[in-house]
Number of protein chains: 2
Amino acid sequence: MKIVKGNIIFTSAYEKFEVIENGYIVIENNKVKGTYKNLPKEYAELEIIDYENKLIIPGMNDLHCHAPQYRNVGIAMDKELLPWLNDYTFPEEAKYEDTQYAKEVYSRFIKELYKNGTTRAVAFATIHKESTKILMDLFKESGLGAYVGKVNMDRNSHEDLFEKTMTSINDTIEIIEEYKDKYSLVKPIITPRFVPTCSDELLERLGEIAEKYNLPVQSHLSENLGEINWVKELHPNTSSYAGVYDKYNLFGSTKTLMAHCVHLTEEEINLMKNRGVYVVHCPTSNANLGSGIMPIRKLLNSGVKIGFGTDVSGGHSFSIFKTMVYAIQLSKLLWSNDKDNDFLSLSEAFYIATKGGGSFFGKVGSFEEGYDFDALVIDDSDLCFEDYTLLERLEKVIYLGDDRNICCRYVNGRLI
Amino acid sequence: MKIVKGNIIFTSAYEKFEVIENGYIVIENNKVKGTYKNLPKEYAELEIIDYENKLIIPGMNDLHCHAPQYRNVGIAMDKELLPWLNDYTFPEEAKYEDTQYAKEVYSRFIKELYKNGTTRAVAFATIHKESTKILMDLFKESGLGAYVGKVNMDRNSHEDLFEKTMTSINDTIEIIEEYKDKYSLVKPIITPRFVPTCSDELLERLGEIAEKYNLPVQSHLSENLGEINWVKELHPNTSSYAGVYDKYNLFGSTKTLMAHCVHLTEEEINLMKNRGVYVVHCPTSNANLGSGIMPIRKLLNSGVKIGFGTDVSGGHSFSIFKTMVYAIQLSKLLWSNDKDNDFLSLSEAFYIATKGGGSFFGKVGSFEEGYDFDALVIDDSDLCFEDYTLLERLEKVIYLGDDRNICCRYVNGRLI
């Protein structure tokens, strides 16, 4: 058991922050036992880790990022999607055949997540089996929690980044067998890149594997209109893009997340809601690639589950703080044209970044009883003025803070 | 005379970067004499300041920021414009009656500009005469170049932030008389807050003062639709918002800049073009306040002069690097709906941030012959990979870099 003390802020619901000034969090077996304004007598003998005037908030959850695109973050942003993929992304991903390269660059990638306050991530690796294992091992070493996906793509790919259907399936199974019980916080996830790069056979087999091993699934959905038309051409008899994943049991049969979802139909939104499929909102990337603005208010109203993703390297920032800011800003640009379409509030953005996205990992992202203790300790002394409220301090950290303001990180009760 | 050496990047035109790897800039009397790949023999005896593998780029120009809103940067972002002004902005500005407060907070404001690589700024102060002088003195001490405006507002203001018309005029003249020749890089600028807060008499007199002293003018124009309608109600017989400034000789009779310009009419765009009035594009603020997306391609095509502004605290970032990123991103969101409306390229954004905005201060923002030597030296060793091109390195600094990457700043030839 341990106790941390400081200015505690979290969200148990979208609508509002829970704020405990100079409060206590009691942690038992790495989980939150309770939060208190006054420490109950029964805990009076325990040692207290006193963070004084600092803020203590849940850790950030990044539900969509491409680890092998680390090197391309923030370059070639002038390129349109196809040249960007063909000239930058695919050639870079092809390098991960080389495990030494993977080790070097994946280490830097994880360090960036760590620096920016991400405590749990869902990451795409590449098609390469050995490099994918290395990424999982490095996540384990770092102390961060992660789902890591070996990418599956057996068509419409770059010549240096091609795998045969059976190789893709066998490599996936090998990783699962080796890693499904190896680490407690780092696990495999089924990862068809997206519909256009996966044959029907591959999708069908991946659906079977996900079900057999009860593994989660991640992919991309409806990022831009060209992509949606392409899927329509490839699957003329399926009613929607989401419907293709659904046809192959890759849409909520097990825990599933879909990145982007900028241009969903009503039918697709209903399907996501009914199947409990997560939308991963990647506003920074959507702006960088000109994908459009995801209608977040509409999705929130529909009751779909939502988390945030940095989508590195479509997104250029590793920070979920900055992702919150972009999400709010893009929602305001929609709101400016339709004042009934209310913009995202700070508490809503914070909820999505913490408890909303965290729920993909289990009881993660809140300081309610029974939640894994994932937390950031924030020193905002360079940013704040004395008479700021705690929520103003938090807001300023989200808008202006950076890695220098994060002084401690806990994942599942452990200081990392 | 002095010589600096390093990887030199600048833009002399919108369309492309000038890049000199391991090149030399010869500086004479604080101005650029020339840039060279190989140092001419005549300079062989001079000492060289060798920045080795670092990047050397022109300094950043922030053409619109509100110095007294420093304390409110990044808080109350959930508020709509009117509650934000009435509950946060105006009460904060009212505090600048207190010169001690002004000194403390203005010092922090200028330090932030400095940290973020801004070498010249055009700033709003408040209505207060003494605090405005303090801001000018502090800019002078910092070494940064600046135009500083005592704000004029004699109607539709907050009760604690009200001035009588004649006080407004007399205080303005007092500052001008005292400061017009006091410093070489810090000068006064005529600053009607915006049409709704200025009586006709005040606008008329400010136009006369600007002309008499040949002083530049700054104000706000067409930021959001409610504001535009308000101006229409106040000036039913003037054909446009811009037309009101024009009527009082505050629209290009002397050098003039107008912040925002999100919703200009064709007539207004033509007027700006014909009068040489600058548009100050503040994309971060436009997103934060849901003002809308300024049609930058249309304005570029029309030939209007454009610079960037952070619009602190409507904008939450002091960084012109980040302003470039926002400008590119918002232009991509427009482009996503209209592919003929090309998004802003990196060189265009860089030109606007440097030579475009810099031209408001004179020959500023380029390394062409005769330009004031304003420069940043960038250490990007933590961001880049060995095989990046110089332009990829620059792009990465703009997207991901921060104050830690700026290791030296020059303004008008002087290391500050």
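The present account deals with the structure reproduced in this document. (Residues numbered from 1 in each chain as written. Chains lettered and ligands numbered in written order. Predicted model: local features only at pLDDT ≥ 70, side-chain atom pairs only at ≥ 80, totals over all residues. Heavy atoms only, no water.)

**Points about the overall build of chain A**
Then step 1. Within chain A one finds 13 helices and 17 strands.
Then step 2. At 21 Å, chain A has a C-alpha radius of gyration in line with the 22 Å of a compact globule built from 416 residues.
Then step 3. Its C-alpha atoms give chain A principal-axis dimensions of about 65 × 50 × 40 Å.
Then step 4. Taking all 416 residues of chain A together, the buried fraction comes to 65%.
Then step 5. Sequence separation of at least 24 residues holds for 75% of the intrachain contacts in chain A that already meet a minimum separation of 6.
Then step 6. For chain A, the computed accessible surface area is about 14700 Å², with 45% contributed by carbon and sulfur atoms. (Helix = DSSP H or I, 4+ residues; strand = E, 2+ residues; numbered from the N terminus. Rg over C-alpha atoms; globule rule 2.2 N^0.38 Å. Buried < 20%, exposed > 50% of the residue type's maximum accessible area, 1.4 Å probe, protein only. Contact = heavy atoms within 4.5 Å. Areas by Shrake-Rupley, 256 points an atom, 1.4 Å probe, with all protein chains shown as cover.)

**Points about the relation of the copies chain B and chain A**
Here the two chain copies are tied together by a rotation about an axis and a shift along that axis.
Then step 1. Between the two copies, chain B and chain A, the superposition gives an RMSD of 0.0 Å; the rotation angle is 180 degrees and the shift along the axis is 0.0 Å. Taken together, the turn and the small shift mark the pair as related by a two-fold rotation axis.
Then step 2. A shared interface surface links the copies, since 100% of the contact residues of chain B are contact residues in chain A too. (Least-squares fit on C-alpha atoms with pLDDT ≥ 70 in both.)

**Looking at the interface of chain B and chain A**
Then step 1. With 49 residues of chain B at the contact, the number on the chain A side is 49 residues.
Then step 2. Buried area between chain B and chain A, both sides added, is near 4100 Å², and the carbon and sulfur share of it is 51%.
Then step 3. Where chain B meets chain A, there are 6 salt bridges.
Then step 4. In this assembly, chain B and chain A are joined by 28 residue pairs in polar contact (both at pLDDT 80 or more).
Then step 5. Ranked by residue count, the leading element in the side of chain B that touches chain A is helix H11 (residues 320-337) of chain B, at 8 residues. (Buried area = accessible area lost by both parts, 1.4 Å probe. Salt bridge = Lys/Arg side-chain N within 4 Å of Asp/Glu carboxyl O. Polar contact = N/O pair within 3.5 Å; in protein donor to acceptor, adjacent residues only side chain to side chain.)

**Concerning helix H4 (residues 165-179) of chain A**
Then step 1. Between the first and last C-alpha of H4(A) there are 21 Å, a value that for 15 residues agrees with the 21 Å anticipated at 1.5 Å per step.
Then step 2. Buried residues along H4(A) sit in contact with helix H3 (129-142), strand E8 (151-152), strand E9 (186-188) and helix H5 (200-213) of chain A. (Expected span 1.5 Å × (residues − 1).)

**Structural notes on the environment of B:Pro196**
Residue and element names in this part refer to chain B.
Then step 1. Mapped onto the elements, Pro196 comes out in the loop between strand E10 (191-192) and helix H5 (200-213).
Then step 2. Under the relative-accessibility criterion, Pro196 is labelled buried at 0%.
Then step 3. Pro196 sits 62 residues away from Met258 along the chain, and the two C-alpha atoms are 15 Å apart.
Then step 4. If we skip the residues at most four places from it in the chain, Pro196 touches Arg155, Asn156, Trp230, Val231, Leu234 and Tyr241.

Everything listed here is a matter of coordinates, which is why it stays silent on function.
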